[in-house]
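Residues per chain are reported as follows:
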Amino acid sequence: MAGEGRDDEVPFRAPLPPEDRIWRHPSEVHAGPGPAEALIPAARRPHSGWSVGVISGLIGSVMTFGLIAVSGGLSPSPPREVLVRETVRPASLADRAPDDPGGVIRIAEEVSPAIVRIVAQSETTSGGSGVLFRDNGYLLTNAHVVENAERITVILANGSELTGELVGSDADTDVAVVKVERDEPFNTAALGSAAGLRIGQPTIAIGSPLGLVGGSSVTTGVVSQLGRVVAASDRPPLLDMIQTDAAIAPGSSGGALLDGEGYVIGITTAIAVSEVGAEGLGFAVPIDIARAVADDIIATGSAVHVWLGIEGQSLDAATADGLGVQGGAVVRRVVDDSPADAAGLEADDVILSVSGEDVISMSALVIQLRRLDPGDEVSLGLVRDGSSMTLRVVLATRP
């Protein structure tokens, strides 16, 4: 799918390279003069840092930030190990102690053994996190964590190290699958669903920040917003992202975002910063998208994306008011011999719905199409020259 508009993007320069220490005194990160990147304690080489604008295409508000992928660089000499955690498997997430009313302790004990630390080596060494979701060794992580890696090392929660094999990755969703091997089954995290999430509900983030040895870190927060679009200048925009205020540090890319019951609802991907520092905004790929991409990768080696075959932009507010709608997607060009061409879509058509579900922006249209499969037939509700109509479209595989 091509042609999503990205308004108000302001390019930011990449973060500075890593230093010998991983913490800074607050006086070193105050809001003062100088470039934004000087205020960000960078945790990996510039190729993994993201400088992007964050656009909320689904709610109409626009915020511009520097955005960095939360994968962490590693010091040339490994950090001194201070703690090794043993694998703990409580009987049930629902069996909560009186002194743990929110269940966070139980959830952390249950899920942490399924969270791994990833070391990706190429010309540089960088780190991230991963989530074991099949007991035969398949784990989810971010594509940017293992990008161009010549060797992947996976460190389990008990400290043991295994060689990881990249099964496949998908830059469009920033999802990758890595496989590790051993004789006994692996601990796994239970995958839930991001469908039905509500703003304000509790979240728990578990990852391996800053390449620290000794087990994963646990933070808590809430769902801050849904349907965020994270746009980057050097890679496809990430759509339908979950925003959370649970603290996510560099090195946590590929970790788990959980709901209050301990089910994985997202794979943590990026954090937002402005010139004054971290803004408490973290983003995660919805687990529904990550799981679908992972299933494709495991089955075929690559992700499959549907194709409609249009370029377009979001409907402006004035035109939307004139049509009496909240928003829509304006078709600017129809690709020859595409599903849209075969269905009779034309330039200047305004798409308002997909199979009865409202479309309020171009990004919303892309998100809805990404949830479908090639060969699916959908009905597009649209307005053409002031008249409402419906077209049937059979989606195809994107060339």
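Above this note sits the structure.
Residues numbered from 1 in each chain as written. Predicted model: local features only at pLDDT ≥ 70, side-chain atom pairs only at ≥ 80, totals over all residues. Heavy atoms only, no water.

S.K.: Break down unusual backbone geometry for me, citing the residues and quoting the values.
M.R.: Of note in the backbone geometry, Asn 148 takes a positive phi value of approximately 60° without being a glycine. Tracing the sequence through the fold places Asn 148 in the loop between strand S7 (138–141) and strand S8 (151–155). Under the relative-accessibility criterion, Asn 148 is labelled exposed at 62%. A positive phi angle, close to 60°, is found at Asp 174, a residue other than glycine. With a relative accessible area of 3%, Asp 174 lands in the buried category. (Helix = DSSP H or I, 4+ residues; strand = E, 2+ residues; numbered from the N terminus. Buried < 20%, exposed > 50% of the residue type's maximum accessible area, 1.4 Å probe, protein only.)

S.K.: Describe the pattern of salt bridges, with residues and values.
M.R.: In this structure the tally under the stated criterion is 10 salt bridges. A salt bridge links Arg 371 to Glu 357; the shortest N-O distance between them is 3.9 Å. Of the two residues, Arg 371 is situated in the loop between helix H5 (362–370) and strand S22 (377–384) and Glu 357 in strand S21 (residues 357–358); the sequence distance between them amounts to 14 residues. Taking the relative accessible area as the measure of exposure, Arg 371 reaches 48% and is therefore partly exposed. Overall, Glu 357 belongs to the partly exposed group, its relative accessible area being 42%. As a salt-bridge pair, Glu 377 and Arg 392 come within 3.1 Å of each other at their nearest N and O atoms. Of this pair, Glu 377 sits in strand S22 while Arg 392 sits in strand S23 (residues 387–394), and the two are 15 residues apart along the sequence. Taking the relative accessible area as the measure of exposure, Glu 377 reaches 47% and is therefore partly exposed. With a relative accessible area of 48%, Arg 392 lands in the partly exposed category. (Salt bridge = Lys/Arg side-chain N within 4 Å of Asp/Glu carboxyl O.)

S.K.: Explain the packing of aromatic side chains to me, using residue names and the numbers behind them.
M.R.: This structure, assessed with the given rule, holds zero aromatic pairs. We note Arg 134 situated over the ring of Tyr 138; from NZ or CZ to the ring centre the distance is 5.7 Å. (Phe/Tyr/Trp six-rings, centres within 6.5 Å; stacked < 30°, edge-to-face > 60°. Lys NZ or Arg CZ within 6 Å of the ring centre and 35° of its normal.)

S.K.: Can you break down the nonpolar core residue by residue, with the values?
M.R.: Formed by 47 residues in total, the largest nonpolar core has its most connected members in Leu 132, Leu 140, Val 154, Leu 258 and Val 264. Here the element with the most residues in this core is helix H2 (residues 287–300); it accounts for six residues. Not counting chain neighbours up to four residues away, the residues in contact with Val 264 comprise Val 131, Ala 189, Ala 190, Leu 191, Gly 192, Ser 193, Ala 256, Leu 257, Leu 258 and Ile 287. Counting residues in hydrophobic clusters, the runner-up holds 21 residues, among them Val 331, Leu 345, Met 362 and Leu 395. (Core = buried A, V, L, I, M, F, W, Y, C linked by side-chain atoms within 4.5 Å. Contact = heavy atoms within 4.5 Å.)

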